[in-house]
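Understanding the architecture of this molecule
Spelled out, the chains give:
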Amino acid sequence: MKNSSRRIFLKKTFSAGIGTAIASSFPSIVKASSVSNQPAIIGGLPMADKVKFVKWPIWIPETDEKRVLESLRSGVWSRAALVTEFEQEWSKTLGVKRSLTVVNGTNALIVALNQLDIRGGDEVLVTPYTFVATIQAILANQAIPVFVDVDPTTFQMDPKKMEEKITPHTKAIMPVHILGLPADMDSIMAIAQKHKLLVLEDACQAPLAEVGGKKVGTIGNAGCFSFQNSKNIAIGEGGAIVSNDDAFMDRCYSYHNLGLPYGTAAGTIGAGSFMQASKVRFSEYQAAIGLAQLKRLEAQTITRNSNAEYLSSLIKKIPGITPYRLYDNVTRAAFHLFPFTYHKEQFKGLSRAAFLKSIQAEGIPASGGYTPLNTQPFIQEAFASKNFQKIYGRKALDYQKYMKANACPLNDVMCTEAVWFTQNVLLGSKSDMDSIAVTIENICTNAENIKKTIDK
Ligand SMILES: Cc1ncc(COP(=O)(O)O)c(C=O)c1O
């Protein structure tokens, strides 16, 4: 069947729901949009036929390649001047005293926790709604992650649930500015101060986000960033630790370089390594890529914020869609992802999986996001290890008891309702956002038909 006749056929077949309840709440967008009002999953033309998303990562040979090629041709590939330059630029961008690059965000977290002296016997308060690396970094230092349930409206660890989790073993709080949405740092810092806890911010997804005008990652004792390929600064792999604490940063530097002396970190130059450490250094060509990406970050962040706010204002009118909420103290978000929650009841019971399938059929890069981390097997495996058993003793590490104490029921539900769009979606135009909103609206209007088609 030709496209045009196929469309007429589908229009006849599925016209019942079109332009009814939802359309009336949103007339201007419906009129302005050029997208098909027939969802692609039931035969309409995909939105991606009209709207082309920015391909990520962005690479502009004319402006980006010169220093990368110079670095490659120089033969100086290990850490040298370009890495130092990138670190200085990164510190300047964030308004923080020091920055140290490492191989990735995971190792930034491992090194920072290690040099904050968070080790065996310590507990760290953390969100269950994060990338697994946050929790792996705690376990890598033989500390115990203690999960604090989320506020599903913000996708963030809820500070109101934090104090009840503090024990004499609690040493630190790890706020994660997940999806690029800042955690409630005012409340978290107040709790940390009251209980004399350290704060390590996992800002891997949130470069340039701010709370109270301060960049996230620079508010606690230290912050960590990731430059992995999907991130808002994409280098392939890469990470950084930032802090205003010189002594801490000197020790991190030594740690990332096999424990060799650096700055005020103890040891005599020439006498060799003075601390147990690792080697997780960044490379020159990575820094050259990072310097090119960094030039675009501010403008991209402005675009993402503006489009996120606009898209959110549109889709919140669709029954069953609840966009993210930012805390009042957030002065800027970073939007590594664009999140909302999906309530199937208002979509005629269309499951989230079917909704996602429908969105993906339109060519919109969407996913359901994280699954709960507090119940995944890696924690049990760590607890069962000889190392953990030696530190904590078998009785102290009762996994079933731990599971009960670390249940996060709100997060469990949120993980079944969340929907994310990747950040490149937000680099388009306002009319792209209109098209996305109309596409979701059309899925809502046609939910019944989609359900029948998928269930067939
Ligand atoms: C919240 C969070 N923490 C840590 C990491 C780890 O970063 P990387 O992938 O660079 O190791 C990531 C990135 O993937 C992340 O999203």
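**A few points about the overall build of the protein**
Helix and strand counts for the protein stand at 17 helices and 16 strands. Based on the C-alpha atoms only, the size of the protein along its principal axes is roughly 80 × 60 × 40 Å. Split into buried and exposed, the 456 residues of the protein put 55% on the buried side. Across the protein, the fraction of contacts at a sequence separation of at least 24, relative to all contacts at a separation of at least 6, is 70%.

**Some thoughts on helix 4 (residues 61–74)**
Here helix 4 is 14 residues long and its end C-alpha atoms lie 19 Å apart, about the 20 Å a rise of 1.5 Å per residue gives. Along helix 4, the positions that sit buried rather than exposed are Asp-64, Val-68 and Ser-71. Its buried side turned inward, helix 4 meets helix 5 (81–94) and helix 10 (284–315). Among the residues trailing helix 4, Gly-75 stands out with phi positive, at a value near 80°.

**Looking at a nonpolar patch on the surface**
Where nonpolar side chains cluster on the molecular surface, the patch consists of Leu-69, Leu-72, Trp-77 and Tyr-285 and spans about 340 Å² of accessible area. Counting through the fold element by element, Trp-77 comes out in the loop between helix 4 and helix 5. Trp-77 sits in the partly exposed class, given a relative accessible area of 45%.

**Overview of the state of the cysteines**
Taken as a whole, this structure holds zero disulfides when the rule is applied. Unpaired in terms of disulfides, Cys-224 finds its nearest cysteine sulfur in Cys-204, a separation of 6.3 Å. Looking at Cys-252, it has no disulfide partner, and the nearest cysteine sulfur is the one in Cys-224, 8.0 Å off.

**A look at the environment of Thr-322**
The topology assignment puts Thr-322 in strand 12 (residues 321–323). In this structure the C-alpha to C-alpha distance between Thr-322 and Phe-340, which are 18 residues apart in sequence, comes to 5.4 Å. Once residues within four sequence positions are removed from consideration, Thr-322 is found in contact with Phe-340, Thr-341 and His-343. In this structure the side chain of Thr-322 is engaged in a polar contact, spanning 3.2 Å, whose partner is the side chain of His-343.

**A closer look at the packing of helix 10 against helix 16 (residues 430–445)**
Contact pair helix 10 / helix 16: the axes reach a minimum separation of 9 Å and the direction vectors enclose 30°. Between helix 10 and helix 16, the interaxial angle falls into the category roughly parallel. As for how helix 10 packs across helix 16, the hand of that crossing is right-handed. Two secondary-structure elements touch here, helix 10 through Ser-306, Asn-307, Tyr-310, Leu-311, Leu-314 and Ile-315 and helix 16 through Lys-430, Met-433, Asp-434, Ile-436, Ala-437 and Ile-440. Grouping the amino acids of the contact of helix 10 with helix 16 by side-chain chemistry returns eight nonpolar, two polar and two charged.

**Concerning the environment of Ala-172**
Within the fold, Ala-172 resides in strand 6 (residues 170–174). Accessibility expressed as a relative area gives 1% for Ala-172, which makes it buried. Residues Ala-172 and Leu-198, spaced 26 residues apart in sequence, show a C-alpha to C-alpha distance of 4.4 Å. Filtering out sequence-adjacent residues up to four positions away, Ala-172 remains in contact with Ile-118, Glu-123, Val-124, Leu-125, Leu-197 and Leu-198.

**Let's talk about the site of the ligand**
Around the ligand, a shell composed of 17 residues is seen, among which Thr-106, Asp-202, Gln-205, Ser-226 and Lys-231 lie nearest. At 2.5 Å from an oxygen atom of the ligand is found a side-chain nitrogen or oxygen belonging to Thr-106. Burial of the ligand by the protein chains amounts to 94% of its free accessible area of 380 Å². Among the elements that make up the shell around the ligand, the one with the highest residue count is helix 6 (residues 105–115) (three residues).

**Quick notes on the pairing of strand 11 (residues 239–243)**
Of all five residues that make up strand 11, five are buried, and the element is covered over most of its length. With burial as the criterion, each face of strand 11 is covered, one bearing Gly-239, Ile-241 and Ser-243 and the other bearing Ala-240 and Val-242. Pairing of strand 10 (residues 222–226) with strand 11 involves four bridges; the strand directions are antiparallel. When the bridges of strand 11 are listed, Gly-223 appears paired with Val-242.

**What to know about empty space enclosed by the protein**
Summed over the entire model, instances satisfying the criterion amount to one cavity of 30 Å³ or more. Considering only enclosed or pocket space, the largest cavity measures out at about 40 Å³ in volume.

**Describing the pairing of strand 10**
With five of its five residues buried, strand 10 lies for the most part within the structure. On strand 10, burial covers both faces: Ala-222, Cys-224 and Ser-226 on one face and Gly-223 and Phe-225 on the other are all buried. Pairing geometry for strand 7 (residues 198–202) and strand 10, over three bridges, is parallel. Considered in strand 10, the bridge of Leu-200 is made with Ala-222.

**So, the packing of aromatic side chains**
If you walk through the whole model with that rule in mind, you get 24 aromatic pairs. Each ring, one from Tyr-370 and one from Trp-420, has its centre 4.7 Å from the other, and the planes form 85°; the classification is edge-to-face. Of the two residues, Tyr-370 sits in the loop between strand 15 (366–367) and helix 12 (377–384) while Trp-420 sits in strand 16 (residues 418–422), which places them 50 residues apart along the sequence. Taking the relative accessible area as the measure of exposure, Tyr-370 reaches 12% and is therefore buried. One aromatic cluster is present, formed by Tyr-324, Phe-335, Phe-338, Phe-340, Tyr-342, Phe-347, Phe-355 and Phe-421 through successive ring pairs.

Basis of the calculations
- Residues numbered from 1 in each chain as written.
- Predicted model: local features only at pLDDT ≥ 70, side-chain atom pairs only at ≥ 80, totals over all residues.
- Heavy atoms only, no water.
- Helix = DSSP H or I, 4+ residues; strand = E, 2+ residues; numbered from the N terminus.
- Buried < 20%, exposed > 50% of the residue type's maximum accessible area, 1.4 Å probe, protein only.
- Contact = heavy atoms within 4.5 Å.
- Expected span 1.5 Å × (residues − 1).
- Patch = residues over 30% accessible without salt bridge, like charges linked within 9 Å, V, L, I, M, F, W, Y side chains within 5 Å.
- Areas by Shrake-Rupley, 256 points an atom, 1.4 Å probe, with all protein chains shown as cover.
- Salt bridge = Lys/Arg side-chain N within 4 Å of Asp/Glu carboxyl O.
- Disulfide = S-S within 2.5 Å.
- Polar contact = N/O pair within 3.5 Å; in protein donor to acceptor, adjacent residues only side chain to side chain.
- Axes fitted to C-alpha atoms, helices over the stretch in contact; angles between N-to-C directions.
- Parallel < 35°, antiparallel > 145°, perpendicular 65-115°, else oblique.
- Left-handed = near helix turned anticlockwise from the far one by under 90°.
- Nonpolar A, V, L, I, M, F, W, Y, C, P; charged D, E, K, R; others polar.
- Near = heavy atom within 4 Å.
- Pairing = 2+ DSSP bridges.
- 1 Å grid on protein atoms, 1.4 Å probe; cavity = no way out; pocket = protein on both sides within 12 Å on 5 of 7 lines; lining within 4 Å.
- Points joined across faces, edges and corners; volume = space filled by probe spheres on them.
- Phe/Tyr/Trp six-rings, centres within 6.5 Å; stacked < 30°, edge-to-face > 60°.

Function cannot be inferred from these measures alone, as they are strictly geometric.
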